[in-house]
Amino acid sequence: MKFLPIVWRNLMRRKIRTFFTVMTILVAFVLFGVLMAIRAAFSYGVEVAGADRLMTIHKVSIIQPLPQSYFQRIRTTEGVKEVTYSNWFGGYFQDTRNTIQSMAVDPESWMNMYPEFELPADQKSTWYKDRTGAVVGADLAKRFGWKVGDRIPIISPIYRKPDGSPWEFTIDGIYNSTKQGVDKTQFFFHHDYLDETFRGTGFMSGMVGWYIVKVADPSTADQLAKRIDAMFANSQAETKTATEKSFVSDFAKQIGDIGSIMMAITGIVMFFILFVAGNAMAQSVRERVNELGVLKTLGFGDGRILSLVLLESCTIAIVGGGIGLLLAWAAITMGGDPTGGLLPIFHLPPRDLILGTALVLILGVGTGLLPAMQASRLKIVDALRRN
Amino acid sequence: MNWLSQTIAVTAVTLRSISQRLGSSIVAIIGIAGVVIVFTAVLSIAEGFRKAMQGTGDPQTVIVLRSGSDTEMTSGVGGEEARLIAETPGIEQGPDGAHASPELFVIVGHPLKRSGTDANVPLRGVTPAALAVRPTLKIVEGRMFQPGTNEIVVGKAASRQFERLTVGTDVRWGDSSWKVVGVFDAQGSVAESEIWCDAKVLQPAYRRGNSYQSVYVRLASVDGFQAFKDALTTNPRLQITAIREPDYFSQQSEILQTVIRSIGFGIAFLMAIGAIFGALNTMYSAVASRTREIATLRALGFGSSPVVVSVLVEAVLLSLIGGIIGGGLAWIAFDGYQTATMNWQSFSQVAFAFAVTPALLSLGLLFAVVMGFIGGLFPAIRAARLPVVTALRQL
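Keep in mind the model is a prediction, meaning the values are calculated, not measured.

Chemist: Any chance you could explain the overall build of chain B here in plain terms?
Modeler: Counting secondary structure elements, chain B contains 13 helices and 14 strands. The C-alpha radius of gyration computed for chain B amounts to 30 Å, which surpasses the reference 21 Å derived for 395 residues by more than 25%, pointing to a less compact arrangement than a globule. If you line up chain B on its principal axes, its C-alpha atoms span 95 × 45 × 30 Å. Put simply, chain B has 395 residues, and 52% of those count as buried. Counting only contacts in chain B whose residues sit at least 6 apart along the sequence, the fraction spanning at least 24 positions is 83%.

Chemist: Just to check I follow, could you spell out the overall build of chain A for this structure?
Modeler: A tally of helices and strands in chain A yields 14 helices and eleven strands. In terms of overall dimensions, chain A is more spread out than a globule: its C-alpha atoms have a radius of gyration of 29 Å, far above the 21 Å expected for 387 residues. In terms of overall dimensions, chain A has C-alpha extents of about 100 × 45 × 35 Å along its principal axes. Considering chain A as a whole, with its 387 residues, one finds that 44% of them fall into the buried category.

Chemist: I would appreciate a short explanation of unusual backbone geometry in the present structure.
Modeler: Glycine aside, residues mostly have negative phi, and peptide bonds are mostly found in the trans state. Residues and elements named next belong to chain A. If you check the backbone angles, Gln94 has positive phi at about 65 degrees while not being a glycine. Along the chain, Gln94 falls in the loop between strand E3 (80-88) and strand E4 (101-105). Residue Gln94 is classed as exposed on the basis of its C-beta count, with 12 C-beta atoms lying within 10 Å. Positive phi, close to 60 degrees, is recorded for Asn234, a residue that is not glycine. Turning to its location among the elements, Asn234 is positioned in the loop between helix H8 (221-231) and strand E11 (239-243). Residue Asn234 is classed as exposed on the basis of its C-beta count, with 7 C-beta atoms lying within 10 Å.

Chemist: I would appreciate a short explanation of the domain arrangement of chain A in the present structure.
Modeler: For interface size, the figure often reported is the accessible area lost on association. According to the domain assignment, chain A contains domain 1 (4-45 + 256-385) and domain 2 (60-237). Distance from the C-alpha centre of domain 1 of chain A to the C-alpha centre of domain 2 of chain A: 47 Å.

Chemist: Would you mind going over the environment of Asn10(A) with me for this structure?
Modeler: As for its placement among the helices and strands, Asn10(A) is situated in helix H1 (residues 4-13). Between the C-alpha atoms of Asn10(A) and Ile273(A), which are 263 residues apart in sequence, the distance is 23 Å.

Chemist: What should I look at first to understand the pairing of strand E8 (residues 186-190) of chain A in this one?
Modeler: Side-chain positions along a regular strand alternate between the two faces of the sheet. Residue and element names in this part refer to chain A. Across the five residues of E8, five count as buried, placing the element largely inside the fold. Direction of pairing for E4 relative to E8: parallel, over a ladder of five bridges. The residue bridging Met103 from the neighbouring strand is Phe188, located in E8. As defined by bridge partners, strand E5 (residues 133-137) adjoins E8 across three bridges and the pair is classed as antiparallel. When the bridges of E8 are listed, Val136 appears paired with Phe187.

Chemist: Looking at this structure, I do not really get the interface of chain B and chain A. What am I missing?
Modeler: The interface of chain B with chain A comprises 47 residues on the first partner and 43 residues on the second. Secondary structure elements with two or more residues in the side of chain B that touches chain A: helix H2 (22-54), strand E4 (100-111), strand E5 (118-126), helix H9 (254-289) and strand E13 (338-343) of chain B. In terms of residue count, H9(B) provides more of the side of chain B that touches chain A than any other element does, 17 residues in total. Within the side of chain B that touches chain A, the residues separate by chemical class into 24 nonpolar, 20 polar and three charged.

Chemist: Teacher, can you tell me more about the pairing of E11(A) here?
Modeler: Residues and elements named next belong to chain A. The buried fraction of E11 amounts to four of the five residues, a majority that puts the element mostly inside the structure. As defined by bridge partners, strand E1 (residues 53-58) adjoins E11 across five bridges and the pair is classed as antiparallel. By the bridge assignment, Met55 is partnered in E11 with Ala242.

Chemist: Sorry if this is basic, but what is going on with the domain arrangement of chain B here?
Modeler: Residues and elements named next belong to chain B. Split by domain assignment, chain B resolves into domain 1 (3-54 + 254-393) and domain 2 (68-238). Listed as interface residues are ten residues of domain 1 and, on the opposing side, 16 residues of domain 2. Broken down by secondary-structure element, the contributors of at least two residues to the side of domain 1 that touches domain 2 are H2 and strand E14 (348-353). When residues of the side of domain 1 that touches domain 2 are assigned to their parent elements, the largest contribution, four residues, is made by E14. Taken together, the residues of the side of domain 1 that touches domain 2 sort by class into six nonpolar, four polar and no charged.

Chemist: What exactly am I supposed to notice about the sheet that holds E3(A) here?
Modeler: Remark on secondary structure: sheet strands pair via backbone hydrogen bonds, oriented parallel or antiparallel. Residue and element names in this part refer to chain A. The strand order E6-E7-E5-E8-E4-E3-E10-E1-E11 describes an open sheet built from nine strands, whose pairing is mixed. With one partner strand each, in any of the chains shown, strand E6 (151-154) and E11 form the two edges of the open sheet. Within the sheet, the average angular offset between the axes of one strand and its neighbour, ignoring direction, is 35 degrees. As judged from the four bridges shared by E6 and strand E7 (residues 167-175), these two strands associate in the antiparallel manner. In the sheet register, Ile152 faces E7, and the bridge partner there is Phe169. Each of E1, E3, strand E10 (210-215) and E11 touches H8; the most contacted strand, E11, lies at about 170 degrees to it.

Chemist: Quick question: what am I supposed to make of helix H11 (residues 304-334) of chain B here?
Modeler: Every α-helix carries 3.6 residues per turn, so stepping three or four residues along brings you back to the same face. In this model H11(B) runs 44 Å from its N-terminal to its C-terminal C-alpha over 31 residues, within 8% of the 45 Å that 1.5 Å per residue would give. Positive backbone phi, approximately 85 degrees, marks Gly336(B), located one or two places after H11(B).

Chemist: Got a minute to help me understand the environment of Thr297(A) in this structure?
Modeler: Residues and elements named next belong to chain A. Mapped onto the secondary structure, Thr297 falls in helix H11 (residues 289-297). A count of 12 C-beta atoms within 10 Å places Thr297 in the exposed class. Linking Thr297 and Val381, residues 84 residues apart in sequence, is a C-alpha distance of 9.3 Å.

Chemist: Sorry, what's going on with the nonpolar core here?
Modeler: Side chains that are nonpolar tend, in soluble globular proteins, to be buried together. Counting 234 residues, the largest nonpolar core has Leu31(A), Val38(B), Val42(B) and Val64(B) as the members making the most contacts within it. Those residues in contact with Val38(B), other than ones at most four positions away along the chain, are Ile265(A), Ile268(A), Val269(A), Ile267(B), Ala268(B) and Met271(B).

Chemist: Just to check I follow, could you spell out the packing of H9(B) against helix H12 (residues 358-385) of chain B for this structure?
Modeler: Residue and element names in this part refer to chain B. Across the interface, H9 lies against H12 with an axial gap of 8 Å and an inter-helix angle of 35 degrees. In terms of crossing hand, the pair formed by H9 and H12 is right-handed. On H12, the residues touching Ala272, Ala275, Ile276, Ala279, Leu280, Met283, Tyr284, Ala286 and Val287 of H9 are Phe367, Met371, Gly372, Ile374, Gly375, Gly376, Phe378, Pro379, Arg382 and Ala383.

Chemist: What is the right way to read the confidence of the model for chain B from this model?
Modeler: Any segment with low pLDDT has predicted coordinates that should not be analysed in fine detail. Residues of chain B with pLDDT of at least 70 account for 98%, and the chain-wide mean is 85. Both scores are available for the predicted complex, with the pTM at 0.74 and the ipTM at 0.71.

Chemist: Explain the environment of Arg143(A) here, please?
Modeler: The residue Arg143(A) is located in helix H6 (residues 138-144) in this model. For the pair formed by Arg143(A) and Ser205(A), sequence separation is 62 residues and the distance between their alpha carbons is 32 Å.

Chemist: Help me understand the packing of helix H12 (residues 302-335) of chain A against helix H13 (residues 350-377) of chain A in this model?
Modeler: Between two packed helices, what matters for the description is the angle formed by their axes and the separation of those axes. Residues and elements named next belong to chain A. At a minimum axis separation of 7 Å, H12 and H13 run at an interaxial angle of 150 degrees. Taken together, the axis directions place H12 and H13 in an arrangement best described as roughly antiparallel. The crossing of H12 and H13 is right-handed. For the contact of H12 with H13, the residue count by class is 18 nonpolar, nine polar and two charged.

Analysis parameters
Residues numbered from 1 in each chain as written. Chains lettered and ligands numbered in written order. Predicted model: local features only at pLDDT ≥ 70, side-chain atom pairs only at ≥ 80, totals over all residues. Helix = DSSP H or I, 4+ residues; strand = E, 2+ residues; numbered from the N terminus. Rg over C-alpha atoms; globule rule 2.2 N^0.38 Å. Buried ≥ 20, exposed ≤ 12 C-beta atoms within 10 Å, placed from the backbone. Contact = placed C-beta atoms within 7 Å. Domains from an automatic or database assignment. Pairing = 2+ DSSP bridges. Nonpolar A, V, L, I, M, F, W, Y, C, P; charged D, E, K, R; others polar. Axes fitted to C-alpha atoms, helices over the stretch in contact; angles between N-to-C directions. Expected span 1.5 Å × (residues − 1). Core = buried A, V, L, I, M, F, W, Y, C linked by C-beta atoms within 7 Å. Left-handed = near helix turned anticlockwise from the far one by under 90°. pLDDT = per-residue confidence, 0-100. Parallel < 35°, antiparallel > 145°, perpendicular 65-115°, else oblique.

As structure tokens, then:
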């Protein structure tokens, strides 16, 4: 501790360089944070997908509907704790660019299935009773300035009302989530509203998009998935059942290399910026070789010189990296999605914050180690002679 | 001595002294090269995707969708409507009638080679006119499917990205089984990511009755679009919208492009700040190490602006070298890199190749020069403001 003043003086001898080195590292870690958030966004919330939830879709593809009659059959299957269904509505608000993740659901079983969508009890009971009511995510409500009680016209290119008018929904509730990584840009409404409108037309009536099943015992999820598929084998609509997690990760894989490309870029970026910063740090040690020689003459041991130099490089790394990570975290948490609604889940996972902190320390030691070892191994005579 | 010759002289001295500061100069070059690599690479994804989507987008080809739909996915056109559309004047006529092809567009889950997991492949049901509407499309292996059978032809890119999509293989989707009989080339356009079959076979398999999702039309002339569109929209029996193929595709690529562009520019901007700090560091230490030299020049009667210019020239030159190296590396490493991603508008896979275009490379160079200029400006001013006497005295 008593050597802190000397470390401080060394850092301040070239204020400009220290400042720029700190800034370079700061920028590198802001970038690290942002890229990690992007990676999390491209994984579409695979971290929060419930391991105890299964999804049952049509065997051919998710766009093929399944009969609503499967609901009862799945519910009475052994090992099923809860079942609900959903239908992709594909609606947009005012302009086709404002496509909303809108889903026709069975409200009660839906909210039971997804406890992470937190909705005040009074809003919940209003919604259950209001056939044309909808519940929206907090981020979506913020995007369009919707409040509880608003009447919202939504147009869906898939589901057109017979008279061609837009669908009218009342916002009965706005859900939020204390859990990180939960998509708060969705829009849920009564499947009954959709179904009744099309009853008797033969189009999509009595059909749902997919089922979500809560498993009583997650360790038997795979067997249950097989049982459900076997139940509907050789029927008009065969099914494919798998965990929600594997659906989400398959979906993310469809986005493909983009995610891994982002990671490659993070690697390149970190390498280059740290290379620049590391060089500046090494340079500042090289310039002081004869000073270090003086210190040695005064009786500083090799180990002490080593730790002095390391302390200096770590200080720079911790100040720059720490502020950088903090800024990244603040910008991501407050600023949100930079694409304006296209990446619904945009957050910095705590795991990546820890990884970032570890990187800061590695950087501090890594950039200081080589010059520190050189400095500690110096022969006094050589050091004093060198200028 | 006039200003110009002073500037040239000082700049020449500065540039020749770079060799003594090689280490820190190389660091600056590498820093800037890194920024340019990433900048070019990220934007080449967006560029490649745009190219694939527009690809052979032909202004003479028009896509007719239900009004209010902006993708084939959400569109629906009845059999009767399709007939009315084909009868509209302005369509190119061939020996078999109007070049108008009503088509179905569905997606099927099929395992991807790169991950082994299911991804969505677009399955397009077409009519015989489909080939007349797309003159650039050619079967490069095997043959076209026989109408009325469960035969399919696959696009080159789909065949490359997905498992078992080769000529002679049988594939099963749900309760129907299909035989791959051919592979087609569509000059790198998005159609190459699709699988084609007979619309008449697909309709019952997907319980679509006699309805389609879109009608592809080839116009008799490029200029006939407005007249054709007006004829369609004024027909009271039709509620549809018509869009030229290039416009349709650029609209389709909008979401992914927005995502990649906003991410790409965001990353590049942050990186640039980092690289500018690096360049500032290099240039400040360059100026610092030459303090006495610069002061000597000033004492000899050189003005301060030639000194400023010389430092700026050095910084810009270094960044230019970095920019060229970075752009070159990005071009070698990424141009033509084949990949695929999901097209958000149709929820299905589309293959594309990264494209490092000359425009992108120039943008990268410009970016490098701007970084160098900013990185050199402040050190240059500092060099010019050095008090001559104290600087000369400095060790």
